[in-house]
Amino acid sequence: MEESYSPAQIEQKWQQRWDETAQYKAEPRDDREKYYVLEMFPYPSGRIHMGHVRNYSIGDVVARFKRLQGFNVLHPMGWDAFGMPAENAAIQHGTHPAKWTIENIANMRKQLKKMGLSYDWEREFATCDADYYRWEQLMFLQMFDKGLAYKKSSSVNWCESCQTVLANEQVEDECCWRCGTEVSDKELDQWFFKITAYADELLEDTYNLPGWPESVLTMQRNWIGRSTGCEINFKTEDGAETISVFTTRQDTVFGATFMSLAPEHPLAQKLTTAEQKEDVDGFIAKVKKQDKKKRTSEDFEKEGVFTGTYCINPVSGCKMPIYLANFVLMDYGTGAVMAVPTHDQRDFDFARKYDIPMVVVVSPEGEELNAEDMSEAWTAPGVMVNSAQFNGLDNESAKEKIADYLEEQGFGTKSINYRLRDWGVSRQRYWGTPIPIVYCDSCGPVPVKAEDLPVVLPRDVEFKGEGGSPLAQHAAFYETTCPKCGAPARRETDTFDTFVESSWYFARYACPHTEEAPLNRDEANYWLPVDQYIGGVEHAVMHLLYARFFTKVMRDLGLLDISEPFTNLLTQGMVCKETQSCPEHGWLYPEEVQDGRCSKCGSEVIGGRTEKMSKSKKNVVDPDHLIATYGADTARLFSLFAAPPEKDLEWNEQSVEGCYRFLNRVWRAVYENSDIFSRPIAGDSAPEARTLRRKTHQTISKVTRDIEGSFHFNTAIAAVMELVNSVYAVKDKAACCGAIREALETTVRLLAPFVPHICEELWSIMGQNGSIDAIGWPEADVELMQEDEKLIVVQINGKVRARITVPASASNADVEEQTLADDQVKRFTADKTIRKIIVVPGKLVNVVVA
RNA sequence: GCCGAAGUGGUGGAAUUGGUAGACACGUCGGUCUCAAAAACCGAUGCCUUCCGGGCGUGCGAGUUCGAUUCUCGCCUUCGGCACCA
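Residues numbered from 1 in each chain as written. Chains lettered and ligands numbered in written order. Predicted model: local features only at pLDDT ≥ 70, side-chain atom pairs only at ≥ 80, totals over all residues. Heavy atoms only, no water.

Counting its secondary structure elements, chain A contains 25 helices and 35 strands. Considered along the principal axes of its C-alpha atoms, chain A spans approximately 105 × 85 × 65 Å. Across the 850 residues that make up chain A, the buried fraction comes to 52%. Contacts spanning at least 24 positions in sequence make up 71% of the contacts within chain A whose residues lie at least 6 apart. Chain A carries 94 positive and 128 negative side-chain charges, and their two centres are separated by 3 Å. (Helix = DSSP H or I, 4+ residues; strand = E, 2+ residues; numbered from the N terminus. Buried < 20%, exposed > 50% of the residue type's maximum accessible area, 1.4 Å probe, protein only. Contact = heavy atoms within 4.5 Å. Lys, Arg positive; Asp, Glu negative; His and termini not counted. Charge placed at Lys NZ, Arg CZ, Asp CG, Glu CD.)

Right under this line is the structure:
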C-alpha cells in the first residue's frame with residue numbers, strides 16, 4: 001500500500017474498471033425492486049459547471065446508496081441539446097449549431113466521466129438526434145388529432161431593425177440586445193398545447209405527491225390559480241353586442257358601474273365611437289409598449305380611455321360606460337372586467353381618476369359606508385346592501401345565491417377560471433425540433449403523415465442573426481406538397497420550445513433504443529415513474545409542470561400507464577461565489593485575478609456580492625481544474641459536505657482543501673493500521689474497544705438515517721468524520737485491534753456512495769475481493785449502540801446551571817433526587833421556594849423556583 | 001407587484017417532536033516533530049465581563065410557554081420564479 005493518497009491514479013483505475021465490467025448497466029429484472037434516480041439533464045453549453053457537479057454528485061450518492069441497499073437502479077444521463085446558445089454561437093463564431101453542440105457534448109461527457117458518476121452510459125441520447133425528436137413530432141400529430149395542439153394568434157417580441165423575433169432574455173430595458181432598437185409587439189399565428197384541459201388534474205394531483213417539497217406544490221397550485229365564480233353577460237346599450245366577463249365577486253354585481261376591457265379585446269375597436277377613435281388608438285398604441293408584468297402591478301399608474309359606448313348592468317339596470325384599461329389583460333378570463341369601484345382597489349382608483357359613480361353593495365358589519373367618503377375599496381367580508389332581494393345577507397352566502405339567480409335569469413353561468421394559460425410552443429428559430437405541419441392553400445394546416453416522419457432539420461443553413469429563422473429562407477426545406485391533396489404547399493418553419501424535449505426525456509431513458517414507438521410499453525412500465533428526481537429550484541414551476549402535463553398526455557395517448565412522472569423531488573440550491581470586477585475591464589474570472597489585482601491592467605480588484613455562479617458575472621469555478629488538483633472524490637465530497645442539498649452552496653477553496661485533507665486522513669488511518677485487517681472484530685475486551693464499537697454502530701445508524709430520510713449528506717459526512725476522529729483518539733491500539741478494524745471497514749463502506757474511488761481502493765487494500773458495490777450497505781447492531789449512562793442537563797428557571805450523569809436506567813424520581821443533591825443546584829435554590837420540577841427523561845431537568 | 005424560500009460565531013453549517021445553541025469543517029492562535037519549512041499530530045477558539053463567578057447571544061419587534069433557532073403575529077434584508085434563457 002502506498003503511504004500517501006494519490007487520487008489521479010486511483011480514479012482512473014476504478015473508472016476504467018467500472019466501464020469494462022459495465023457495472024452500472026441497468027436492465028429490467030424481477031428479483032430486485034427497481035429504483036429510478038434521475039438528475040435534470042444538462043444543456044451542452046461546452047463545459048460542466050459547479051451546479052452540474054453538485055447536482056450529479058447528489059444524484060450519484062442516491063444511486064450508489066440504493067444499489068448498495070439491493071435495489072435494481074436506473075441512473076441515466078443525456079443532453080438537452082436544442083436551444084438558443086447554439087444559434088448565438090453560430091451567429092458570433094460561424095460554427096454550425098450541430099457541430100458546436102456535438103463538440104460540446106463530447107467535451108462534457110469526458111468531464112462527467114472523470115467524476116466517476118455511476119451512469120448507464122448505454123442509454124445516453126441527445127434531444128437533437130432525429131431518433132429522439134421524431135417521436136416528439138409523432139406525439140404532436142396525435143395531440144393535434146385530439147385537439148390538444150392548436151393554433152392561435154399570440155404576440156412576440158419583435159425587433160424591427162433586425163427583422164427578427166427576440167426571446168425575453170434578449171430584451172434589455174425594452175430594447176434589442178444586439179442593436180438597441182426599441183422592441184415592439186408583433187402578432188403571429190402560433191402553436192399551443194392545451195395544458196388548460198389538464199388544469200384540474202394537474203391541480204388535484206398536487207395533493208397526491210407527498211414526496212415533493214410543499215413549497216414547490218404551493219407554487220404550482222398558485223400558478224394554475226383555479227378560481228370559481230361566474231361568467232356574466234353585459235349587453236351594450238343598443239343590444240347589438242354582448243360583453244362577457246369573468247368574476248369571482250358576483251356578490252358585488254349590483255355595484256358594477258363601469259366596464260373595463262383589455263386594450264387587445266376584440267370588441268375594443270368596434271365599440272369605439274368616431275369622436276373617441278383618436279384617443280382610443282393613441283391609448284392602444286401606448287399600452288402596447290408597456291411591459292405586461294408592470295401593467296398589472298399595484299403601484300403602476302392605472303390608465304384608461306372611454307370608448308364612447310355604454311352597456312347595461314343586467315341586475316341593476318345601471319348604464320355603464322365602457323373603458324379600455326391598461327391593467328386588464330387579454331390572457332386572463334375573458335379580457336373584460338365588470339368594475340366595482342367600491343370593492344376593488346384598482347376599480348376604485350380608476351373610478352376616482354375618471355369620475356365614475358360608485359355604489360356600495362357590501363357594508364362592514366354595524367357600519368355604513370358612504371361611497372363619497374371612502375378612501376379605499378372595501379374588500380373584506382360584510383353585509384349586502386343596495387342589492388335588491390339580497391340585502392341583509394352576508395356577502396359570502398350571497399355569492400352562491402346570486403350565482404343561482406344569474407343562471408335562472410339567463411344573465412350568466414357559474415364558471416371556473418384558471419390563471420394557467422395554454423402553453424405556446426412555437427419558436428421562430430432554427431435549432432429546435434421542426435413542427436410537422438404543412439400549409440396548403442386549399443386544405444389549410446395539414447399534419448405531416450406519420451410514415452413521413454421525422455421532418456429532419458436541414459444542416460445547410462446560413463446564420464445572420466437578423467431576418468428571422470434561417471428555416472424560413474431555406475426553400476428546399478419549406479417547399480413541399482400537401483399531404484392531403486398533393487398541391488404545392490409550404491412547410492411550417494417554426495420549431496418547438498425546448499421545454500417540449502425536456503418534458504418526456506425521462507420516459508425515453510427507460511427504452512432509449514426503441515425504434516417502433518416513442519416508448520416501449522413494458523420497459524416504460526417497469527422503470528417509471530422516476531423514484532427520485534433531482535434538480536435546481538429554478539425549475540419548480542415551468543419545467544416540472546410541463547413534464548407532469550406531458551406524462552398525462554402520454555398516458556391518454558396510450559403510451560404509458562402512470563399519471564405522475566416523479567414520485568420524489570429534491571430541489572437543490574444554487575452554487576454561489578463572490579463576484580470580482582476591475583474598474584477597467586468589468587467582471588473578472590477568478591483566474592484573471594492575481595494577488596487582488598487585475599491580470600490585464602494591474603488595477604485593484606473590487607470584491608462584489610456573493611451571487612449564483614454565472615458566465616455573465618464570471619464568478620465561475622472550472623470543475624476540471626478542481627478535479628485535476630484534488631481529484632473527483634474531493635470535488636464530490638466538497639459539494640456534498642459544504643451545505644445540505646436544498647440550500648445554496650457557497651464556493652470556498654479552503655473548504656475544498658479541508659475535504660481533501662479528510663480523505664488523506666482516512667487513507668492514513670488505513671495505512672497505519674494495515675496489519676489488523678485479519679483480526680477478529682469481536683475479540684477485544686477493553687472498555688475502550690467497546691466505546692469505539694458503540695461509536696461505529698451509532699455512526700451506521702446516523703448515516704443511514706441522514707441519507708434515507710432527508711438526503712442530509714453534510715451531517716452524514718460529519719458523522720463519519722467523528723468516527724474517524726474516534727479511531728485516531730484510541731489510546732491503547734493493541735487492545736482495540738478488532739474494534740479499529742470494524743471502525744475503518746465501516747468508514748470505507750459508509751463513504752462509498754460519496755467518494756467511490758478511494759473507497760474501492762481502500763476496500764481492496766483491506767484484503768477484500770471484488771467491488772465494494774457487491775458487499776451491500778452495513779447494518780447497525782442496536783445492542784452495541786446502547787449507552788450505559790446519560791448526561792442530564794439541569795436548569796434553574798430555564799437556565800443551565802449544572803450537568804449530572806445518571807445510569808441509563810434511572811427513573812424520573814432518581815434523577816430528581818440526584819438533581820436536588822447537586823451542590824450547584826443547592827446554591828441556586830438555597831433561599832428560594834421550589835415551585836415545580838420538570839423532568840424530560842434522558843435529557844433535562846428544569847427546577848422552577850421563586 | 002404577485003408567488004415561493006432563506007436569515008444562527010471571523011466563515012460554511014449543526015441542533016429528532018418546544019428541551020445543553022454552535023456538532024462537523026474552514027480560519028485563527030498555541031504546542032509537538034524538524035537545521036528550517038511544509039505536511040502531519042495534539043490542544044484552544046461565540047461575544048462581553050469587575051474572570052475559579054456571572055451577563056448577553058440564532059435578522060428586528062412583540063406574544064405563547066417552566067423552557068423558543070424551533071410555535072403565533074407584525075416588520076426588515078437577501079435569493080429564486082413570473083409563461084420565448086435553460
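All told, the structure shown has 38 salt bridges when counted by the stated rule. For Asp31, the salt bridge identified is with Arg29, shortest N-O distance 2.8 Å. For Asp31, a relative accessible area of 57% puts it in the exposed group. Its salt-bridge partner being Lys552, residue Glu564 comes within 3.0 Å of it at the nearest N-O pair. Of this pair, Glu564 sits in the loop between helix H15 (542-556) and strand E25 (566-572) while Lys552 is found in helix H15, placing the two residues twelve residues apart along the sequence. (Salt bridge = Lys/Arg side-chain N within 4 Å of Asp/Glu carboxyl O.)

Before going further, it helps to examine the environment of His75. Examined against the element boundaries, His75 turns out to sit in the loop between strand E2 (72-74) and helix H3 (84-93). In this structure, the C-alpha to C-alpha distance between His75 and Ala63, residues twelve residues apart in sequence, is 6.6 Å. Apart from residues no more than four positions distant in its own chain, His75 is found in contact with Val37, Glu39, Gly59, Asp60, Ala63, Arg67, Ser118, Tyr119 and Asp120. Engagement of the side chain of His75 in a polar contact is seen with the side chain of Glu39, the distance being 2.5 Å. (Polar contact = N/O pair within 3.5 Å; in protein donor to acceptor, adjacent residues only side chain to side chain.)

To continue, consider the sheet that holds strand E24 (residues 530-536). In spatial order, the strands read E2-E1-E24-E25; together these four strands make up an open sheet with parallel pairing. Pairing within the sheet leaves two strands with one partner each, and these edge strands are E2 and E25. Averaged over neighbouring strand pairs, the angle between their axes works out to 20° when direction is ignored. For E24 and E25, the ladder comprises six bridges, and the chain directions are parallel. Across the sheet, residue Gly536 finds its bridge partner in E25, namely Gln572. Of the strands in this sheet, strand E1 (34-39), E2, E24 and E25 are in contact with helix H2 (residues 50-68), which crosses E1 at around 175°. (Pairing = 2+ DSSP bridges. Axes fitted to C-alpha atoms, helices over the stretch in contact; angles between N-to-C directions.)

Turning to the sheet that holds strand E22 (residues 488-491), a few remarks are in order. The strand order across the open sheet built from four strands is E20-E19-E22-E21, with neighbouring strands paired in antiparallel fashion. Each of the sheet's edge strands pairs with one partner strand only, and the pair in question is strand E20 (444-447) and strand E21 (479-481). When the angles between neighbouring strand axes are averaged without regard to direction, this sheet yields 45°.

Okay, the protein's contact with RNA strand B next. In the vicinity of RNA strand B, 70 residues are found, and the nearest of them are Asn168, Arg429, Ala642, Arg665 and Asn846. In RNA strand B, the atoms that sit within 4 Å of the protein are 71% sugar and phosphate, with bases accounting for the remainder. A distance of 3.1 Å separates a phosphate oxygen of RNA strand B from a polar backbone atom of Met84. In the model, a phosphate oxygen of RNA strand B is placed 2.9 Å from a nitrogen or oxygen of the Lys799 side chain. Top contributing element to the surface near RNA strand B by residue count: helix H20 (residues 713-729), with seven residues. Of the residues that constitute the surface near RNA strand B, the class distribution is 26 nonpolar, 20 polar and 24 charged. (Near = heavy atom within 4 Å. Nonpolar A, V, L, I, M, F, W, Y, C, P; charged D, E, K, R; others polar.)

All right, on to unusual backbone geometry then. A cis amide bond links Leu453 to the next residue, Pro454, at an omega of 0°. Assignment of secondary structure puts Pro454 in the loop between E20 and helix H12 (475-478). That bond from Leu528 to Pro529 is cis: its omega, 0°, falls within 30 degrees of zero. Its identity is not glycine, yet Glu174 carries a phi of approximately 65°, on the positive side. Tracing the sequence through the fold places Glu174 in the loop between strand E5 (171-172) and strand E6 (175-176).

Now for the side chain of Arg636. Relative to the helices and strands, Arg636 is located in helix H17 (residues 632-641). Take Arg636: its relative accessible area is 0%, and that puts it in the buried class. For Arg636, the residues in contact, after removing those within four places along its chain, are Ser57, Asp60, Arg64, Met115, Gly116, Leu117, Pro753, Phe754 and Pro756.

Examined against the element boundaries, Ser375 turns out to sit in the loop between strand E14 (362-363) and strand E15 (383-384). For Ser375 and Ile627, which are 252 residues apart along the polypeptide, the C-alpha to C-alpha distance reads 64 Å.

What follows covers empty space enclosed by the protein. Under the criterion given, the structure shown has one cavity of 30 Å³ or more. For the largest cavity, the lining is made up of 21 residues, of which Glu87, Ile91, Thr164, Arg429 and Gly465 are closest to its centre. Going through the elements one at a time, H3 and strand E4 (164-166) are the ones with two or more residues in the lining of the largest cavity. Considering each element in turn, the lining of the largest cavity owes the most residues, four residues, to H3. Looking at side-chain class alone, the lining of the largest cavity contains seven nonpolar, eight polar and six charged residues. (1 Å grid on protein atoms, 1.4 Å probe; cavity = no way out; pocket = protein on both sides within 12 Å on 5 of 7 lines; lining within 4 Å. Points joined across faces, edges and corners; volume = space filled by probe spheres on them.)

What follows is about the pairing of strand E11 (residues 304-312). The sheet contact formed by strand E8 (residues 226-236) and E11 spans two bridges and is antiparallel. Considered in E11, the bridge of Lys235 is made with Ile312. Pairing between E11 and strand E12 (residues 319-325): six bridges, direction antiparallel. Paired with Cys311 across the two strands is Met320, which belongs to E12. Remark: six residues form the turn of the hairpin made by E11 and E12, two consecutive strands paired antiparallel; Gly317 in that turn has positive phi of roughly 75°.

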